[in-house]
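# Structure at a glance
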Amino acid sequence: MNKSDGKSQQLLKEFQKLTARMMEAEETLRAILSGEVDGLVVKTAEGDRVFTLSGADHPYRIMVETMNEGAVTLAKDGTILFCNRRFADIVKGSLENVIGSSIYQYIATKDCALFEALVEQGLRGNGTLEMSLRTGNKRPVPTLISVSSLQYTDIPGAVCMVVADLTEQKRNEEILAEEKLTAKILHQAAEAFVLCDPQGRITRASHSTHKLVGGSPVFQSFDEAFHLLYPDGTPFVLLSAMRDHVLHAVEVHFKRGDNERLFFLLSANSVITKQGVIGIVVVMVDDTERRKMEKALQESHDRLEEEVTERTAELRAALSEIRVMKDQLEAENIYFRREMKTRGKFDNIIGQSDGLKYVLYRAEQVAPMNTTVLVLGETGTGKELIASAVHEMSPRKARTLITVNCSALPGNLIESELFGREKGAFTGADTRQVGRFEIANGSTLCLDEIGELPLDLQAKLLRVIQFNEFERLGSSHTIKVDVRIIATTNRDLEEEIRKGRFRQDLYYRLNVFPITVPPLRQRKDDIPLLVQAFIARYSRKVGKEITSIQKETMKALQDYPWPGNVRELESVIERAVILCPGPVLQLADKLLVSSSHLSSAVRTLEETERNQILKILSETRWRIEGTDGAAAILGLHPSTLRARMHKLGIARQET
């Protein structure tokens, strides 16, 4: 063999070796592309390195993205190198913003040390810890975090973290704890405790209830399970008795077996939400033993009375006297309770006159209703106090009485004050304002001096009274309210209607239940009580001790007509107290009726007389004399009637 043949043989062997390596590379490439190879180990100067191949990475990415837990790859400094979408959802962020951010922005400052210890534990093997993560909406999420080291990677200190959301688990644990507590209460309750659905079927019952009916009453109708009776023998029907959604200590009888009868005090409440009645809670307290004791005491009392009756006449007389005193004491006690009850209702209303008592009686009659009330009376008579008393006796007394003085606000502001406004509704409306009707929702609204309300607002008020709805200024949204209206006025609204200053339809809506407060000149008996009250109030205020008032002074106060009523009387007494030098009250000024007041009264009397004469003349066709004439009807002599007609300027017009 020559040199050329040897060289050819060597080239052939190298070619065969190269062909084999090419075939091996092609096979490896095929395996990589088909996903059969997970990764390659390559020898380098630094040592063997592992390269994960994209073909193998795809199914693992799918697995990571579809798992229910959050998966995170963290660098040593806490940078999130990778996370799946589930982790981004847990912390309420987008995937793009979460990847590349720091894990510490999702961990509270107080938990950072715990988390760092968890990472150190994970680098050594595996670490698990419950911890809350901060989220984008600022509400922390309870999680279970598992950390382990990330092997076969060229990133030193990198860890893999798996995060499980525990929100649902925590919620279920709370529900389970509440259920256990409810079951414990029902088991230990001494009273018969029953929960029913809106149809009256029993859904839960206490252990004592099971013992009472001899088994479980669950899923039975309440009435069928207990067969309760009223004391008169009438059957007790739960749903019929619950028309007002509440029962308190209703006496019922329960028959157990053939002869045993138990007595209970039954209380019940409807559970009401926005969806309506969702259940009924019934509690029955056993009253049997108390009734037995009461019966035994009554029997003992009867025996004692028999023994006392058998004693001497002296003892019988003493017993009779005791009974009389007992009846008297009970009567006095009843009167005292009524008096205290009345005083409690009308603490700020002073007086005992018949006129005032009738006003308070009327107020007490209408208070429990939702009826609109119109309080009439002269200025200073205390109409606002009557309105307040009606509210304090009503079912709405738990809420504050809202008062609007219609005469104290200018016409351009009273609408926004009553109905509210939106921001920008008019020039200067820089903020949104809630109106008095919204504030008074569920309570009472007192419209003081309703006669001063502008005519254009009366139509809007009429709609609120009729339909319980209105719109704020600058808004088309209709607001529903539940408001009781009490209106007060010192004007003659019928006269205002005739003059076109008050709507007749609004008057009829307000005048459902009128209460007229009498002026002070018609309540002279109340003046001494009012004077004493005002003296006590203002002498205390100025630090004086005024103990009495002269009879002449009191008579002068009672004889004065008081055009300003109680308000004027209070001002007079306050001035007198300030200027009083000693313990006996003296008036600072004489009480004189102004000439304008007298002339007004005279004009009113003359106008009344003139109108009456004109009315009778019209009815008699201006016939003055005779049995059917105007003079006979008015009870005057014909010449006297003619003189009065001449003085009043009454003359028949020519037709």
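Below is a short write-up of the structure.

Each value, and the rule that gives it
Residues numbered from 1 in each chain as written. Predicted model: local features only at pLDDT ≥ 70, side-chain atom pairs only at ≥ 80, totals over all residues. Heavy atoms only, no water. Axes fitted to C-alpha atoms, helices over the stretch in contact; angles between N-to-C directions. Helix = DSSP H or I, 4+ residues; strand = E, 2+ residues; numbered from the N terminus. Parallel < 35°, antiparallel > 145°, perpendicular 65-115°, else oblique. Left-handed = near helix turned anticlockwise from the far one by under 90°. Contact = heavy atoms within 4.5 Å. Nonpolar A, V, L, I, M, F, W, Y, C, P; charged D, E, K, R; others polar. Expected span 1.5 Å × (residues − 1). Buried < 20%, exposed > 50% of the residue type's maximum accessible area, 1.4 Å probe, protein only. Arc of directions from axis to C-beta. Patch = residues over 30% accessible without salt bridge, like charges linked within 9 Å, V, L, I, M, F, W, Y side chains within 5 Å. Areas by Shrake-Rupley, 256 points an atom, 1.4 Å probe, with all protein chains shown as cover. Salt bridge = Lys/Arg side-chain N within 4 Å of Asp/Glu carboxyl O. Lys, Arg positive; Asp, Glu negative; His and termini not counted. Charge placed at Lys NZ, Arg CZ, Asp CG, Glu CD. Core = buried A, V, L, I, M, F, W, Y, C linked by side-chain atoms within 4.5 Å. Pairing = 2+ DSSP bridges. Phe/Tyr/Trp six-rings, centres within 6.5 Å; stacked < 30°, edge-to-face > 60°. Lys NZ or Arg CZ within 6 Å of the ring centre and 35° of its normal.

## Some details on the packing of helix H19 (residues 527-542) against helix H21 (residues 565-579)
The N-to-C vectors of H19 and H21 enclose an angle of 45 degrees; their axes lie 9 Å apart at closest approach. Regarding the angle of H19 to H21, the classification is oblique. Here the hand of the crossing between H19 and H21 comes out right-handed. For the pair H19 and H21, contact is made by Leu530, Val531, Phe534, Ile535, Arg537, Tyr538, Ser539, Lys541 and Val542 and by Val566, Leu569, Glu570, Ile573, Glu574, Val577 and Ile578, respectively. When grouped by side-chain class, the residues that make up the contact of H19 with H21 number 11 nonpolar, one polar and four charged.

## Here's the deal with the packing of H19 against helix H20 (residues 551-559)
Two elements in contact, H19 and H20, have axes separated by 10 Å at closest approach and are oriented at 115 degrees. Read as a crossing pair, H19 and H20 show a hand that is right-handed. Contact residues: Ile527, Pro528 and Val531 in H19; Met554, Leu557 and Gln558 in H20. For the contact of H19 with H20, the residue count by class is five nonpolar, one polar and no charged.

## Notes on H19
It helps to recall that an α-helix has 3.6 residues per turn; residues three or four apart then point in one direction. Its 16 residues give H19 an end-to-end C-alpha distance of 22 Å, which sits within 8% of 22 Å, the value for a rise of 1.5 Å per residue. Listed as buried for H19 are Ile527, Leu530, Val531, Phe534, Ile535, Tyr538 and Ser539. Viewed along the axis of H19, the buried residues span an arc of 145 degrees, placing them on a single side of the element. Elements in contact with the buried residues of H19: strand E20 (548-549), H20, H21 and strand E21 (584-585). A positive backbone phi angle near 80 degrees is found at glycine 543, which sits one or two residues after H19.

## So, a negative patch on the surface
Residues Glu299, Asp302, Glu306, Glu307 and Glu310 make up a contiguous surface patch of negative charge. Along the polypeptide, glutamate 310 turns up in the loop between helix H10 (288-309) and helix H11 (313-345).

## Concerning the nonpolar core
If you look at soluble globular proteins, the nonpolar side chains tend to sit buried side by side. By size, the foremost hydrophobic cluster in this structure holds 29 residues, and its most contacted members are Phe437, Leu445, Leu447 and Ile450. Taken together, the elements giving at least two residues each to this core come down to strand E14 (402-405), helix H14 (411-419), strand E15 (444-448), helix H16 (455-467), strand E18 (484-489) and helix H18 (504-510). It is H16 that provides the largest number of residues to this core, a total of five residues. Every residue in contact with phenylalanine 437, bar those within four places of it in the chain, is listed here: Leu418, Phe419, Leu445, Leu461, Val464, Phe470, Val481, Val483 and Ile485.

## Examining the sheet that holds strand E5 (residues 126-133)
Taken in spatial order, the five strands of this open sheet run E4-E3-E7-E6-E5, and their pairing is antiparallel. Pairing within the sheet leaves two strands with one partner each, and these edge strands are strand E4 (80-83) and E5. Looking at each pair of strands side by side, their axes are set apart by 25 degrees on average, direction ignored. In this fold helix H5 (residues 112-124) packs onto strand E3 (70-74), E5, strand E6 (141-149) and strand E7 (159-165), with an angle of close to 155 degrees to the strand it touches most, E5.

## Overview of the pairing of strand E13 (residues 373-376)
Where E13 meets E18, four bridges bridge the pair, whose relative direction is parallel. Its bridge partner being in E18, leucine 374 is matched across the sheet by alanine 487. Summarising the sheet, E13 and strand E19 (residues 513-516) pair through four bridges and their orientation is parallel. Pairing of leucine 374 across the sheet is with proline 514, part of E19.

## Here we look at the pattern of salt bridges
One pass over the full model with this rule turns up 29 salt bridges. The salt bridge partner of glutamate 471 is arginine 463, with a shortest N-O separation of 2.8 Å. You can call arginine 463 partly exposed: its relative accessible area is 26%. Its salt-bridge partner being arginine 523, residue aspartate 526 comes within 2.9 Å of it at the nearest N-O pair. Each member of the pair, aspartate 526 as well as arginine 523, is classed as buried. Bridged by salt links that share partners, the residues Glu422, Arg432, Glu438 and Arg472 form one connected network.

## Notes on the packing of aromatic side chains
The tally for this structure, following the rule as stated, stands at 12 aromatic pairs. Seen in terms of ring centroids, tyrosine 104 and phenylalanine 115 are 5.8 Å apart; in terms of plane orientation they differ by 90 degrees. Their pairing is edge-to-face. Of the two residues, tyrosine 104 sits in the loop between helix H4 (95-98) and H5 while phenylalanine 115 sits in helix H5, which places them 11 residues apart along the sequence. On the numbers, 5.5 Å between centres and 0 degrees between planes, the contact of phenylalanine 419 with phenylalanine 437 is stacked. With a gap of 18 residues between them, phenylalanine 419 in helix H14 and phenylalanine 437 in helix H15 (residues 436-439) connect regions that are remote in the sequence. Take phenylalanine 419: its relative accessible area is 0%, and that puts it in the buried class. Take phenylalanine 437: its relative accessible area is 0%, and that puts it in the buried class. Stacked on the ring of phenylalanine 263, the Lys or Arg arginine 291 has its end atom at 4.1 Å from the ring centre. Sitting over the face of the ring of phenylalanine 513, arginine 362 holds its NZ or CZ atom 4.3 Å from the ring centroid.

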